[in-house]
Amino acid sequence: MRPALTRALEALRRGDLIGLPTETVYGLGADASNELAVRRIFAVKGRPSTHPLIVHVADLPEARRWASTFSAHAEALAAAFWPGPLTLIVPRSDRPSDAVTGGQNTVGLRVPDHPLALELLREFAGGIAAPSANRYGRVSPTTAQHVRDELGSDVAEVLDGGPCTVGVESTIVDLSGVAPRLLRPGGVPLEAIEAALHARVPLATAATDIRAPGMVASHYAPRAGLVLATRDSLEKEVTKRLAAGARVAVLAPSSEQPPTGAIHLAIPDDAEGYARALYGLLREADARGCDVIVAIRPTDSGLGLAVNDRLTRAATPRRT
Ligand code: TXA
Ligand code: MG
């Protein structure tokens, strides 16, 4: 076994935190059965303890142990998308501690599609609780270096699994109620979920699901302000801010020509490429000292829904 993998396993077993690569974003992982270790996640992230964590497992049989019931819908979605960027909210068994579930009677489960994460999970033979490895409310990390930059010595080991291939967090489907609901758009397109269930899956509203912090209005935020634009409004939005003396970054396909003076951070033309590049470019705009980021919205289909969700939350004014 690779030395880093061995060190990560040892860290988990003694209750320390690790940086965990997945296909979506890097996670801040702890042994999901170790209450103290799980509490350290909340302390390091600065996250309210009532916000539940996703438990990552190696396969479907292990997932079933963390659930009290696995409905036909859960079986169908797990069969279609695991390993993959999908989290299922299901009734919990007595395995997850209250620290993981935030005291709720449900648990979020996911089998990540990343070779290193799966090897670690198989060796660990348990569950790894892991939120995204960023401080609360900040941009999620998509490389091992992002995790080291942001969390430093708060993590015992950062497993480097390369840049994340999906780039936005998992899709979360709540299967604990009467009908399936979408809690967070993410790496599996909503269209694919609905096709697998042969049903419409409506988006849950913030009012009823305030415990999913991804649903708090302002989230995933870079330091720079963020403004959403269309291809038509791009020039006006950028020119206005340049004229006011702001340092402006533009997130737009390379085919666009932002006004002179703006920093063009080129995004791929397709929504998958946009998702993969998004968080890294938001960090880059911050690193280059930009005051404002003007971002072009993709259409809402496929991964565009998740990209727009993150852009909208990052654009919501913060109180700080
Ligand atoms: O792609 C991902 O999902 C990444 C990687 C590391 O797996 N993880 C991630 O975790 O994004 P986090 O904690 O940043 O977001 C997980 C979301 C939160 O909004 C949380 O409230 C929600 O999942 N969640 C977890 N368990 C839940 C439950 N039992 N009921 C409702 N929401 C839950
Ligand atoms: Mg997060």
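Check the entry above for the structure.
1. Some details on the pattern of salt bridges
In the structure shown here, the tally under the stated rule is 21 salt bridges. Glu157 is the partner of Arg7 in a salt bridge, and the nearest nitrogen-oxygen pair spans 2.8 Å. With a gap of 150 residues between them, Arg7 in helix 1 (residues 3–13) and Glu157 in strand 7 (residues 157–158) connect regions that are remote in the sequence. We classify Arg7 as partly exposed; its relative accessible area is 42%. Overall, Glu157 belongs to the buried group, its relative accessible area being 12%. When the shortest N-O distance is used, the salt bridge between Asp98 and Arg92 registers 3.0 Å. When salt bridges that share partners are traced, they join Glu169, Asp309, Arg310 and Arg313 into one network.

2. Quick notes on the sheet that holds strand 10 (residues 225–229)
Pairing is parallel across the open sheet formed by 4 strands, whose spatial order is 10-13-11-12. For this open sheet the edge positions go to strand 10 and strand 12 (263–267), each flanked by a neighbour on one side alone. The sheet shows a mean angle of 20 degrees between the axes of neighbouring strands, taken without regard to direction. Where strand 11 (residues 248–253) lies against strand 13 (residues 292–296), 4 bridges are found, and the strand directions are parallel. Bridged to Leu251 within strand 13 is Ala295.

3. Points about the packing of aromatic side chains
Counted by the stated rule, this structure contains 1 aromatic pair. Plain terms: the ring middles of Phe70 and Trp82 are 6.4 Å apart, the flat faces sit at 55 degrees to each other, and that makes the pair tilted. With Phe70 in the loop between helix 3 (60–66) and helix 4 (72–81) and Trp82 in the loop between helix 4 and strand 4 (86–91), this pair connects stretches of sequence that are 12 residues apart. Of the residues examined, Phe70 reaches a relative accessible area of 16% and is grouped as buried. Under the relative-accessibility criterion, Trp82 is labelled buried at 11%.

The rules behind the values
Residues numbered from 1 in each chain as written. Chains lettered and ligands numbered in written order. Predicted model: local features only at pLDDT ≥ 70, side-chain atom pairs only at ≥ 80, totals over all residues. Heavy atoms only, no water. Salt bridge = Lys/Arg side-chain N within 4 Å of Asp/Glu carboxyl O. Helix = DSSP H or I, 4+ residues; strand = E, 2+ residues; numbered from the N terminus. Buried < 20%, exposed > 50% of the residue type's maximum accessible area, 1.4 Å probe, protein only. Pairing = 2+ DSSP bridges. Axes fitted to C-alpha atoms, helices over the stretch in contact; angles between N-to-C directions. Phe/Tyr/Trp six-rings, centres within 6.5 Å; stacked < 30°, edge-to-face > 60°.

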